[in-house]
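Residues per chain are reported as follows:
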Amino acid sequence: MFAPALQAIAIACVFAGRGSGKPGVMTEFNAIAASVSNGSGLFGLTFDWTNWIPQLCTAFVRQLDECRRNIAFLWIATPLAYQLDMFGLTKIFRLDYYSYSPLNPALGSRVSPRYFYDKTQNYNINMTAYENVAPVHLSANFILCYASSFLTITAAASHVRDEVDGLDKHVKMMEAYPDVPDWFYLIFMGVCTAGALLISLFTPFNMPWWGIFLNILLVGVFVVPYGAIQAITGVGMYLNVVSQFVIGLLVPGQTVAVMAFKSWGTNNLIQAFALSSDMKLGQYLHIPPYALITAQFVATFINSLVATAACWYMMFNTGDLLGSTGWAFNMYQVFYNAGGIWGAIGPQRFFGIGSIHGTLMWCFLIGALCPLVPWLANKYVVKSRYWAMFNFAIFFQFAGPQSNQVYIVMPVLCAVFAQVYLFNRNKEFYQKYLYVMGAAFDAAAGIVSLVISMFSVAGIAYSGYWALNPNTDNVPLDYYCYPGADYNDWSCEYYLNMGENVTASGQSCV
């Protein structure tokens, strides 16, 4: 691979410089705004096509909403929340290597989330441990993630759009095939529900029996509004936050039960959307419904076996993979931390009346009201098609910190090129080849990632020429944001401050 370092370029660090402070401790500007791995990634660039190829075939209006959202939450709100010391966080996060970081979710408090777990009680809350450090603070970016989730929940439910429904020609052509009866889906749901009840009652998941039916009800309530948003815009919305919020209030302190409820609800909705999407594709391809459903169930069954086996192998046969620098596993850390926030500690202690973050509850009301603004403006002020470009359900859906914060500039430039320039200047290429080209790039990236992952997990060594790439075993990818770091290693002053006399590359500092 040529120049892997180009997958994330902290362009603001390049222009602002690294400063002259303590080695390993970035300047406040770099840590808050400029760094792509530890800060907000202001104007961060990426030449990794997996970050921007999906934008080739995504509706431009949707991408405008996403761009506005990411700029508002990541480049503006996150640094401001930290700089203005929202909820009294600034002094808490002044730690050496992660100094001033508003992003890293592992810094949700001065202690790791595992501190709150009682392993002898199925990872439920250890009240003595919690009371020793209460109240627990969340990082600025993590707070904004939850605020955006609260806004999205009600914004999606109240989203208003004037549409004229009608059957397209493909739906009418599919009427020639016999449809799968509703009782088939009901029987399958009954079997799955019975299995979920057995697992919940007779395994360490310990989810109450009524939690299964509450979960089904929750999915039933949100499948229509969230499904409508996804059908219109292509943006998926899920139940990860609302599900853990609801169950966390009902069974506080029960970590495993809360996270099981969250996982089941989130995946149920994902599977519902996946089935609906695939059935719609089957309509366009004129596949008989019985054949389509059979393929869906067989594929799902095989996938469940493969996914379970892969998960089991990753948990017990990967050695020190989690401690290596080659796998960031950010989302796994977020899930683990969520177990402490929503499961062990519980939403009542974090967001209840009188709590530090209690004001975030206003986000539910604000989210419900915002979608009415462009609808009312279009109806009673000035009629314009541009009002439809303000989709608050998408605008509020802030994903939070990724591995590197580089998902704004290049995706937008790619979208402008594909959805504006090509659409207007070369419509024949746009219609014939753009989607196929995007799928080819996507498939290539997936195959290469799978092969490299299998090699790494299996311990198969391979050599490559990593041109222009820093030694990420010793220094961060954006090493140029840190004082005392160079292309290969930290300075001796850094190691001496750490109490070591030899650098990672073997140079003596005595």
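Values in this document were obtained by computation on a predicted structure and should not be read as measured data.

**Student:** Just checking my understanding: could you explain the packing of aromatic side chains for this structure?
**Tutor:** Describing an aromatic ring pair means giving the distance of the ring centres and the angle of the ring planes. Throughout the structure, instances matching the rule amount to 29 aromatic pairs. Pairing Phe 150 with Phe 364 gives two aromatic rings, centres 4.8 Å apart and planes at 25°, and the pair type is stacked. Note that Phe 150 is positioned in helix 5 (residues 140–158) and Phe 364 in helix 14 (residues 362–369), a separation of 214 residues in sequence. Each ring, one from Tyr 482 and one from Trp 490, has its centre 5.6 Å from the other, and the planes form 90°; the classification is edge-to-face. The two residues Tyr 482 and Trp 490 agree in class, both being buried. An aromatic cluster is present here, built from Tyr 146, Phe 150, Phe 245, Trp 342, Phe 350, Phe 351 and Phe 364 joined pairwise through their rings.

**Student:** Mind showing me how you'd approach the pattern of salt bridges here?
**Tutor:** It is possible for side chains bearing opposite charge to pair when their charged atoms get close. As enumerated under the stated definition, the model contains two salt bridges in all. As a salt-bridge pair, Asp 65 and Arg 68 come within 2.6 Å of each other at their nearest N and O atoms. Separated by three residues within a single helix, Asp 65 and Arg 68 lie in helix 3 (residues 60–83), roughly one turn from each other. Across the pair Lys 432 and Glu 428 runs a salt bridge, and its minimum N-O distance is 3.6 Å. In this pair, Lys 432 and Glu 428 both sit in helix 18 (residues 427–432), four residues apart, roughly one turn of the helix. Comparing Lys 432 with Glu 428, the two get one shared label, exposed.

**Student:** Is there a simple way to think about unusual backbone geometry in this case?
**Tutor:** The phi torsion of most residues other than glycine is negative, and most of the peptide bonds are trans. Phi angles above zero are rare outside glycine, and Phe 43 is one such case at about 60°. Assignment of secondary structure puts Phe 43 in the loop between helix 2 (28–34) and helix 3. A positive phi angle is found at Asn 206, which is not glycine, with a value near 55°. Relative to the helices and strands, Asn 206 resides in the loop between helix 7 (182–202) and helix 8 (209–233).

**Student:** Whenever I open this one, the nonpolar core confuses me. Can you help?
**Tutor:** Within soluble globular proteins, side chains that are nonpolar generally end up buried alongside one another. Residues Tyr 146, Phe 150, Tyr 226, Trp 342, Phe 351, Leu 360 and Phe 396 are the most contacted members of the largest nonpolar core, which totals 87 residues. No other element matches helix 5, which puts eleven residues into this core. Ignoring any residue separated from it by four or fewer positions in sequence, one finds Tyr 146 in contact with Leu 138, Val 241, Gln 244, Ala 338, Ile 341, Trp 342 and Phe 351. Grouped together as the second largest cluster of nonpolar side chains are six residues, Ile 53, Leu 56, Cys 414 and Leu 422 included.

**Student:** Whenever I open this one, the side chain of Arg 69 confuses me. Can you help?
**Tutor:** Among the structural elements, Arg 69 can be located in helix 3. Although Arg 69 is buried, it forms no salt bridge, and the closest oppositely charged side chain is Glu 66 at an N-O distance of 4.1 Å. Among the polar contacts made by the side chain of Arg 69, one reaches the main-chain carbonyl oxygen of Ile 394 at a distance of 3.1 Å. Ignoring sequence-local partners within four residues, the contact set of Arg 69 consists of Leu 74, Ile 394, Phe 395, Phe 396, Gln 397 and Phe 398.

**Student:** What should I look at first to understand a nonpolar patch on the surface in this one?
**Tutor:** On the surface, a nonpolar cluster with roughly 860 Å² of combined accessible area is contributed by Leu 198, Leu 201, Phe 202, Trp 209, Trp 210, Phe 213, Leu 249 and Leu 250. When residues of the nonpolar patch are traced back to their parent elements, those giving at least two are helix 7, helix 8 and helix 9 (240–250). Here Leu 198 shows up in helix 7. Since its relative accessible area comes to 54%, Leu 198 is described here as exposed.

**Student:** For this particular structure, what's the right way to read the packing of helix 5 against helix 8?
**Tutor:** Helices that pack against each other are described as a pair by the angle of their axes relative to one another and the distance between those axes. Two numbers describe how helix 5 lies on helix 8: the axes approach to 9 Å, and their chain directions differ by 85°. Between helix 5 and helix 8, the angle is such that the two are roughly perpendicular. Counted together, Ile 153, Ala 156 and Ala 157 of helix 5 and Phe 222, Pro 225, Tyr 226 and Ile 229 of helix 8 form the full contact between these two elements. Across the contact of helix 5 with helix 8, the residue classes break down as seven nonpolar, no polar and no charged.

**Student:** I would appreciate a short explanation of the packing of helix 5 against helix 14 in the present structure.
**Tutor:** Direction vectors running N to C along helix 5 and helix 14 enclose 35°, while the axes themselves pass 7 Å from each other. Crossing handedness for the pair helix 5 and helix 14: right-handed. Contacts between helix 5 and helix 14 involve Ala 147, Phe 150, Leu 151, Ile 153, Thr 154, Ala 155 and Ser 158 from the first element and Cys 363, Phe 364, Ile 366, Gly 367 and Ala 368 from the second. In terms of residue class, the contact of helix 5 with helix 14 is built from nine nonpolar, three polar and no charged.

About the cut-offs
Here the residue numbers are simple positions, counted from 1 along each chain's written sequence. Given that the model is predicted, a residue must reach a pLDDT of at least 70 before its local features are reported, and side-chain atom pairs must reach 80 or more before they are shown or counted; all residues, however, enter totals for whole chains, interfaces and linings. Here the side-chain values reflect all heavy atoms present in the structure, with hydrogen atoms and water set aside. Centres within 6.5 Å are what make two rings of Phe, Tyr or Trp a pair, Trp counting through its six-membered ring; a difference in plane orientation under 30 degrees is then read as stacked, over 60 as edge-to-face, and the rest as tilted. Numbered from the N terminus, helices here are DSSP runs of H or I no shorter than four residues, and strands are runs of E no shorter than two. Residue exposure (1.4 Å probe, protein chains only): buried if accessible area is under 20% of the type maximum, exposed if over 50%, otherwise partly exposed. Salt bridges are defined as contacts in which a side-chain nitrogen from Lys or Arg sits within 4 Å of a carboxyl oxygen from Asp or Glu. In this description, a nonpolar core means a group of buried Ala, Val, Leu, Ile, Met, Phe, Trp, Tyr and Cys residues linked to one another through side-chain atoms lying within 4.5 Å. In this analysis, two residues are considered to be in contact whenever any of their non-hydrogen atoms come within 4.5 Å of each other. When charges are counted, neither His nor the chain ends are considered; positive counts come from Lys and Arg and negative counts from Asp and Glu. Pairing of N or O atoms within 3.5 Å defines a polar contact, subject to two protein rules: one partner must be a possible hydrogen donor and the other a possible acceptor, and residues neighboring in sequence count only if both atoms are side-chain atoms. The patches described consist of residues with a relative accessible area above 30% and no salt bridge, like charges being joined within 9 Å and nonpolar side chains (Val, Leu, Ile, Met, Phe, Trp, Tyr) within 5 Å. Method for areas: the Shrake-Rupley scheme with a 1.4 Å probe, in which residue coverage is limited to the protein chains shown. Axis lines are fitted through C-alpha atoms, for helices just across the contact stretch, and the angle between N-to-C directions can take any value from 0 to 180 degrees. For classification purposes, an angle smaller than 35 degrees is called roughly parallel, one larger than 145 roughly antiparallel, one from 65 to 115 roughly perpendicular, and anything else oblique. Under the grouping applied here, Gly and all other residues not named as nonpolar or charged are polar, the nonpolar ones being Ala, Val, Leu, Ile, Met, Phe, Trp, Tyr, Cys and Pro and the charged ones Asp, Glu, Lys and Arg. Working rule for handedness: look at the near helix, and if it is turned counterclockwise from the far one by less than a right angle, call the crossing left-handed; if clockwise, right-handed.

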